[in-house]
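One letter stands for each residue in the lines below.
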Amino acid sequence: TSAQIGVTGLAVMGRNLARNFARNGFSVAVHNRTAAKTRALVEEFGHEGTFVAAESAEEFVAALERPRRLVVMVKAGEPTDAVIREFAPLLEPGDMIIDGGNAHFADTRRREKELREQGIHFVGTGVSGGEEGALNGPSIMPGGSVESYATLGPMLEKISAKAADGTPCVTHCGPDGAGHFVKMVHNGIEYADMQLIAEAYHLLREVAGYSPAEIADIFRTWNRGRLDSYLIEITAEVLSHVDAATGKPFVDVVQDRAEQKGTGRWTVQIALDLGVPVSGIAEAVFARSLSGHTALREASRDLAGPTAQPLGEAEKAAFADQVEQALYASKIVSYTQGFHEIQAGSEEYGWDIDLGAVAAIWRGGCIIRAAFLDRIRAAYDARADLPSLLSDKGFAEEIATAQDDWRAVLVAATQQGVPTPGFSAALAYYDALRAERLPAALTQGQRDFFGAHTYRRTDREGSFHTLWGGDRSEVEA
Ligand code: 6PG
């Protein structure tokens with residue numbers, strides 16, 4: 001039999017993706033650097049569908065129907081290049097290499113260009129949803145050529161998650177690196193969502209004095225409303241979990257140092273290059289790095305802080321409602337920033353990414369899946385050239401309603417000395433965007449003073465310089 005699709009790299013993501021294809025009726029060739037893993041997969045899950053085990057690269061390629069569709073599920077970076085070097089010489093024009101790892105989009109652009117010269121379609125594809133998603137339906141973000149999507153798209157639609165309205169959570173994001181770029185920003189937003197939830201928890205614990213179990217219940221309540229999302233749902237699970245060894249809340253026995261594999265950091269690095277203010281995502285990345293500076297934190301433990309004044313019983317519930325408002329408003333801002341970055345990337349690289357379609361495929365399967373994303377889809381569907389999510393009337397109205405509580409929460413956080421970098425950055429972004437005048441005018445004056453960097457006037461065209469060291473008259477630059 002010739003297989004309709006092949007998967008090489010059978011660690012947990014690759015294995016689950018291969019099983020997902022097989023369970024959906026596709027014949028799947030499977031291959032791994034160490035053949036024992038290939039055999040184990042077929043032995044354990046062979047009954048789920050049609051697998052063709054291939055021991056060598058040649059066998060693997062020979063097992064695939066043409067044009068070949070070869071899914072690579074190895075570590076991003078050099079391992080991906082190594083696999084391409086191994087397989088590309090065995091392929092023919094029209095064949096497709098689908099990279100489902102968390103690759104940097106710049107690498108994807110390079111690989112796509114190189115392979116295109118050989119007539120091979122390189123399809124950098126974001127896959128979100130972790131192990132469970134890979135098996136039962138991930139959100140899939142393919143880039144690459146339109147041609148490749150014609151035959152690949154229907155297969156991906158089959159194995160993908162479905163949104164509540166039944167739509168498959170997959171779309172052709174755009175050419176070359178567009179898919180991996182979209183996945184990168186997904187992860188940046190994931191970091192921001194996680195940080196905002198963590199801050200809400202921290203406030204409920206430190207300012208309101210709720211226990212982790214009580215906070216889990218509060219999150220469960222929120223999850224029945226507009227914050228309904230996978231991350232809120234699992235947060236309640238984590239918070240209500242009790243450590244078997246100590247009988248303490250699980251969250252109290254875990255070291256408070258957050259790690260990261262790098263995709264959130266990329267989102268911020270690229271945003272800096274593109275000049276897009278993703279302050280909420282940046283604060284989320286920095287919050288993780290700060291948490292890991294154990295020695296620095298140790299050395300800072302005695303620094304002065306305010307005297308804590310925990311809320312009384314009567315005020316607690318009202319505070320929790322305010323935190324919900326602050327979390328929701330901040331969430332709107334981080335998605336605003338993330339979508340701005342996708343829009344900017346799309347313009348920079350000529351990808352023509354449909355922002356509404358991106359929101360639509362994030363409604364199911366991925367880590368940031370949430371009811372909220374259907375609102376974003378609707379906002380872009382109503383107006384594809386929306387300057388920003390904050391320009392959507394619905395979101396603007398919701399923030400208008402939330403803003404007093406949002407500010408009150410930050411006042412409490414500041415007074416009690418609870419750090420809220422995500423909430424605070426989001427509010428600063430909101431207030432800066434709506435400001436009629438920004439102090440950037442002063443910044444321009446300073447730049448002109450020390451470096452003759454010139455400025456523009458509000459009342460006339462042209463660039464100007466003031467002779468600061470002389471008679472302070474103005475000259476046209
Ligand atoms: C997903 C996730 C996943 C990611 C990590 C997060 O969409 O399924 O984003 O792709 O690799 O789970 O990575 P960190 O280790 O950086 O938190």
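Because the structure is a prediction, the values reported are computed rather than measured. (Residues numbered from 1 in each chain as written. Predicted model: local features only at pLDDT ≥ 70, side-chain atom pairs only at ≥ 80, totals over all residues. Heavy atoms only, no water.)

### Considerations on the packing of aromatic side chains
Right, so step 1: Applying the stated criterion across every chain yields a total of 16 aromatic pairs.
Right, so step 2: A cation over an aromatic ring shows up here: R288 above the ring of Y191, its NZ or CZ 3.6 Å from the ring centre.
Right, so step 3: Here the basic side chain of K316 rests over the ring of Y210, its NZ or CZ set 4.6 Å away from the ring centre. (Phe/Tyr/Trp six-rings, centres within 6.5 Å; stacked < 30°, edge-to-face > 60°. Lys NZ or Arg CZ within 6 Å of the ring centre and 35° of its normal.)

### So, the site of the ligand
Right, so step 1: Around the ligand there are 14 residues in total, and S128, K183, E190, Y191 and K261 lie nearest to it.
Right, so step 2: Contact between the ligand and G129: an oxygen atom at 3.0 Å from a main-chain N or O atom of the residue.
Right, so step 3: Measuring from an oxygen atom of the ligand, one finds a side-chain N or O atom of K183 at 2.8 Å.
Right, so step 4: Taking 420 Å² as the accessible area of the ligand by itself, protein coverage stands at 79%.
Right, so step 5: Its residues assigned to classes, the shell around the ligand comprises 2 nonpolar, 8 polar and 4 charged. (Near = heavy atom within 4 Å. Polar contact = N/O pair within 3.5 Å; in protein donor to acceptor, adjacent residues only side chain to side chain. Areas by Shrake-Rupley, 256 points an atom, 1.4 Å probe, with all protein chains shown as cover. Nonpolar A, V, L, I, M, F, W, Y, C, P; charged D, E, K, R; others polar.)

### Examining the nonpolar core
In a soluble, globular protein the nonpolar side chains are often hidden away together inside.
Right, so step 1: F219, F339, W362, I376, W406 and F423 are the most contacted members of the largest nonpolar core, which totals 88 residues.
Right, so step 2: Examining the composition of this core, we find that 14 residues originate from one element, helix 8 (residues 178-206), more than from any other.
Right, so step 3: With residues up to four places along the chain from it excluded, the contact list for F219 reads I197, A200, Y201, I232, T235, A236 and L239.
Right, so step 4: The next biggest cluster of nonpolar side chains, apart from the first, holds 26 residues, and it includes L10, F21, L41 and F51. (Core = buried A, V, L, I, M, F, W, Y, C linked by side-chain atoms within 4.5 Å. Buried < 20%, exposed > 50% of the residue type's maximum accessible area, 1.4 Å probe, protein only. Helix = DSSP H or I, 4+ residues; strand = E, 2+ residues; numbered from the N terminus. Contact = heavy atoms within 4.5 Å.)

### What to know about the sheet that holds strand 5 (residues 96-99)
Right, so step 1: Pairing within the open sheet is mixed, and its 7 strands lie in the order 3-2-1-4-5-6-7. What marks the edges here is a single partner per strand, and that holds for strand 3 (51-53) and strand 7 (139-142). Neighbour to neighbour, the strand axes of the sheet diverge by 25 degrees on average, direction disregarded.
Right, so step 2: Looking at chain direction, strand 4 (residues 69-72) and strand 5 are connected through 4 bridges and run parallel. (Pairing = 2+ DSSP bridges. Axes fitted to C-alpha atoms, helices over the stretch in contact; angles between N-to-C directions.)

### Brief notes about the side chain of D176
Right, so step 1: Its place among the elements puts D176 in the loop between helix 7 (146-159) and helix 8.
Right, so step 2: Those residues in contact with D176 that sit more than four places away from it in its chain are T108, R109, E112, G143, G144 and W351.

### A look at the sheet that holds strand 10 (residues 474-476)
Right, so step 1: As summarised here, the arrangement of the 3 strands in space is 8-9-10, forming an open sheet in which the pairing is antiparallel. Every interior strand has two partners, whereas the edge strands, strand 8 (455-456) and strand 10, have only one.

### Quick word on the layout of surface pockets
Right, so step 1: Roughly 370 Å³ of volume is contained in the second largest pocket.
Right, so step 2: Lining of the second largest pocket is provided by 17 residues; of these, G9, N32, R33, V74 and V83 occupy positions nearest its centre.
Right, so step 3: Among the elements that line the lining of the second largest pocket, the one with the most residues is helix 4 (residues 78-87), at 5 residues.
Right, so step 4: The residue makeup of the lining of the second largest pocket, split by class, is 8 nonpolar, 5 polar and 4 charged. (1 Å grid on protein atoms, 1.4 Å probe; cavity = no way out; pocket = protein on both sides within 12 Å on 5 of 7 lines; lining within 4 Å. Points joined across faces, edges and corners; volume = space filled by probe spheres on them.)

### Concerning the environment of I342
Right, so step 1: Residue placement: I342 occurs in helix 15 (residues 313-349).
Right, so step 2: Distance in space between the C-alpha atoms of I342 and L231 is 22 Å, their sequence separation being 111 residues.
Right, so step 3: Not counting the four nearest positions on each side in its chain, I342 is found in contact with F181, V182, V185, I353, L355, V358 and W362.

### Observations concerning unusual backbone geometry
Right, so step 1: Residues R66 and P67 are joined by a peptide bond in cis, for which omega reads -5 degrees.
Right, so step 2: Of note in this structure, T454 is not a glycine but carries a positive phi near 70 degrees.
Right, so step 3: Relative to the elements of secondary structure, T454 occurs in the loop between helix 20 (440-451) and strand 8.
Right, so step 4: The class of T454 is partly exposed, set by a relative accessible area of 22%.

### Examining the UniProt feature "active site" (unreviewed entry) in the protein
Right, so step 1: The UniProt feature table records "active site" (unreviewed entry) at K183 and E190.
Right, so step 2: Here K183 shows up in helix 8.
Right, so step 3: In contact with K183, other than residues within four places in its own chain, are N102, G126, V127, S128 and M141.
Right, so step 4: For E190, the location among the structural elements is in helix 8.
Right, so step 5: On the basis of relative accessible area, E190 is assigned to the buried category, the value being 14%.
Right, so step 6: In contact with E190, not counting residues within four places along its chain, are L231, I367 and I368. (UniProt positions renumbered as here; feature names shortened; annotations may be inferred.)

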